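Listed here are the chains, written in short residue letters.
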Amino acid sequence: MCGIVGYTGKRPAAPILIDGLGRLEYRGYDSSGIAVSDGKKVNVIKAKGRLFELEKRISGASPEGFCGIGHTRWATHGKPSDENSHPHYSRDKSFAVVHNGIIENYLDLREFLTERGFTFRSETDTEIVAMLLEYYYNGNMLETIIKMRNKIKGSYALGILHENENGVFYAMRKDSPLVIGLGENENFIASDIPAVLPYTRRFIIPDEQEVAVISPDGVTVYNRNREQVNKQITVSDLSADAAEKDGFAHFMLKEIYEQPGAIKKTVHDRITPDGIKLDRIKLDGKKIRKIFIAACGSAYHAGAVGKYFIEKYARIETEIDLASEFRYRDPIVGDDCLTVIISQSGETADSLAALREAKRLKSRVLAIVNVVDSIIAREADDVLYTRAGPEIAVATTKGYTTQLAALYLLGLKLARDRETIPQSEYDGITSAVEKLPELLSAFIDEVNPAAQYLAGKYYPANDAYFIGRGADWSAALEGALKLKEISYIHAEAYAAGELKHGTISLIEKNSLVIGIAADPALREKTLSNIKEVRSRGAAVIGVTDSPDAIKAECDELMVLPATHPALTPVFTAAALQLFAYYVAAARGGDIDKPRNLAKSVTVE
Ligand code: F6R
């Protein structure tokens, strides 16, 4: 949801900003822009459309200077256009600002500034920041920024450039991500670490509302009380090519193939002979009366699988909520509850709000998060990292399956604490979890041609229905989301038994139904629902580990490997990710950057 980058040093700023924006484009891609200071004035160049439109615009006329800021946008306030793109100038063009987040009181501030003679060039909330800076400017940048900060409400990661500040720019964040990269005689800001990994591995992360002054020789950070603070430097162990496609046609395909390795990292040292060790998390399953899981999109679908697993093995009542609902529905949560917030990015606005609501209600909060030191990770009482590495494709793949792996670990740990799982069952599942990476790796290779073949046959479909029961239904939800978000085929997931209560009226000759029948306890029941749609003319792709049991009722099959039944959603996910990928490829979709979407959703 918008990416920002900044640079100051001895090298021309523009190429470094464009390079960083290329690695941040997944966060938003409807327009982009840069502002570069040449020591006398600030030059802004921006363009509607993908980054290459900006590159075209600056080719041969790259703004000169060694200090600048850049932005790639996912529109919230104001349509994608040149005018609404960032950076935004102040009225007299002395300031330029890039922003990720939302200024909630921007209409009031627009009125405040209009009354004082300011006029606006864009429809954005961000332009308010540039104008306020000009309004408060008194020659002292720190004072000016603090006055502006005291006036705005909402979330922000900001990069600020002023014409009088030769080689220096400013940054500040609240509820939006921002890292400061430390180089040799050069320094950076970015919305995330991979954006500037080719230049540095040393980072500091500013706390909420701290102001950072960034020059080539150093970075000074001031807290809310304007005191200088010493920040801890972290060294990233991500590989420099973490944000490269590595020979794959798309990041999504690369990330599908990275799943076995990512799951291995998530589980390998957490299953020990003495039980499941969830890092330094101190949780006692015996003391938890009820679990709430709150998340959005695919993370919610992972939570739905987790609910079945936890209830089955740990016997703790587990409620699953969309984070956007949880935050407003006045849930009955107390200090005997555990709230689990699941988020790949760790910055999803609704999930963060659900976390804060759970804490307000005195629940302990455990976050299952991928991005290290992200806001959700920092605000939770405990964090279980999924260790998937950077996920660049907008449609999540390894982010989702590592969330499943983390939830299996959590469920097993709680089940052991509560002594609700027989030792043999515990041993069977832990050993299957340990074998997941190897089995998944072989499965992805094996199912890839089948997914390509099926995509070649069914890509012209207008609609698709994914059905299943229990955790297969949760897997169906994720399969449908994957297909619709990248191929733009209308896809719905239904609890298989529910279809006949209305939706079956949509089934006609050649309607595409993906019937997931992996759970042996529910296979017969799902099979009867598959028969119902088939008898009405549907074309059925069956997804199962027992082909003989269902093949007579299916037109095609995707065969899952034999594993513990609780783990089949991981394999179903991989099969359906590949199916969605090849369908989208056949339809000519922009797979890594589907329309209207962005990677992390930092607005409500
Ligand atoms: C779908 C997808 C989204 C995210 C959702 C939550 O492929 O990626 O549905 O799962 O926006 O994002 P995080 O996990 O970052 O909170």
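Bear in mind that the values here come from a model prediction, so they are computed numbers and not experimental data.

The rules we used
- Residue numbers restart at each chain and count upward from 1, following the sequence in its written direction.
- This being a predicted model, a pLDDT of at least 70 is required before a residue's local features are given, and a value of 80 or more before pairs of side-chain atoms are given or counted; all residues contribute to the totals for chains, interfaces and linings.
- In computing side-chain values, all of the structure's heavy atoms are included and hydrogens and water are not.
- Think of it this way: any DSSP run of H or I at least four residues long counts as a helix, any run of E at least two long counts as a strand, and we number them from the N terminus.
- Only heavy atoms matter for contacts: two residues are in contact if any of them lie within 4.5 Å across the pair.
- One fewer than the residue count of a helix, multiplied by 1.5 Å, yields its expected span.
- Relative accessibility decides the category of a residue: with a 1.4 Å probe and only protein chains considered, values under 20% of the type maximum give buried, values over 50% give exposed, and everything between is partly exposed.
- Each pair of aromatic rings taken from Phe, Tyr and Trp, with Trp reduced to its six-membered ring, is defined by centres within 6.5 Å and is described as stacked if the planes are under 30 degrees apart, edge-to-face if over 60, and tilted in the remaining cases.
- The pairing criterion for strands is at least two bridges between them, as found by DSSP.
- Comment: axis = line fitted to C-alpha atoms, over the contacting stretch for helices; angle = value between 0 and 180 degrees taken between N-to-C directions.
- Should an angle fall under 35 degrees it is taken as roughly parallel, and over 145 as roughly antiparallel, whereas 65 to 115 is taken as roughly perpendicular and any remaining angle as oblique.
- In this scheme the handedness of a crossing depends on how the near helix is turned from the far one: anticlockwise by less than a right angle means left-handed, clockwise means right-handed.
- Note on residue categories: nonpolar means Ala, Val, Leu, Ile, Met, Phe, Trp, Tyr, Cys or Pro, charged means Asp, Glu, Lys or Arg, and polar means any other residue, Gly included.

Novice: Tell me about the environment of Pro 177, and please be specific about residues and values.
Specialist: On the secondary structure map, Pro 177 appears in the loop between β8 (169–174) and β9 (179–182). For the pair Pro 177 and Leu 107, spaced 70 residues apart in the sequence, the C-alpha separation amounts to 24 Å. Contacts of Pro 177, omitting those with residues within four sequence positions, involve Arg 27, Asn 100, Ala 157, Ser 191, Glu 347 and Ile 375.

Novice: Residue-level account of helix α17 (residues 568–587), with values.
Specialist: Side chains of residues three or four places apart in an α-helix project in the same direction, reflecting 3.6 residues per turn. Along its 20 residues, α17 runs 29 Å from first to last C-alpha, staying within 8% of the 28 Å computed at 1.5 Å per residue. Of all 20 residues in α17, 17 are buried; the element is thus mostly enclosed. With its phi angle positive at about 80°, Gly 588 sits one or two positions after the end of α17.

Novice: Provide a residue-level description of the packing of aromatic side chains, including the pertinent values.
Specialist: Tallying each qualifying case throughout the model produces twelve aromatic pairs. Summarising the aromatic geometry, the rings of Phe 248 and Tyr 257 are spaced 5.6 Å apart at their centres and angled 35° between planes, so their arrangement reads as tilted. Judged by relative accessible area, Phe 248 falls into the partly exposed class, the value being 29%. Among the residues examined, Tyr 257 registers a relative accessible area of 26% and is labelled partly exposed. A centroid spacing of 4.9 Å and a plane angle of 55° characterise the contact between Phe 309 and Tyr 313, whose relative ring orientation is tilted.

Novice: Give a detailed account of the pairing of strand β12 (residues 211–215), specifying residues and quantitative values.
Specialist: The element β12 is largely enclosed, with a buried count of five among its five residues. Because side chains alternate across β12, one face comprises the buried residues Val 211, Val 213 and Ser 215, and the other comprises Ala 212 and Ile 214, equally buried. The sheet contact formed by β8 and β12 spans four bridges and is antiparallel. By the bridge assignment, Met 172 is partnered in β12 with Val 211. Between β12 and strand β13 (residues 218–222), which follow one another and run antiparallel, lie two residues.

Novice: Please provide a residue-by-residue account of the packing of helix α4 (residues 127–136) against helix α5 (residues 141–151), values included.
Specialist: It is at 9 Å that the axes of α4 and α5 come closest, and there the two elements cross at 130°. By the angle between their axes, α4 is oblique relative to α5. Viewed along their axes, α4 and α5 form a crossing whose handedness is right-handed. Mapping the contact onto sequence places Val 129, Leu 132, Leu 133 and Tyr 136 in α4 and Thr 144, Ile 145, Lys 147, Met 148 and Lys 151 in α5. The class makeup of the residues in the contact of α4 with α5 is six nonpolar, one polar and two charged.

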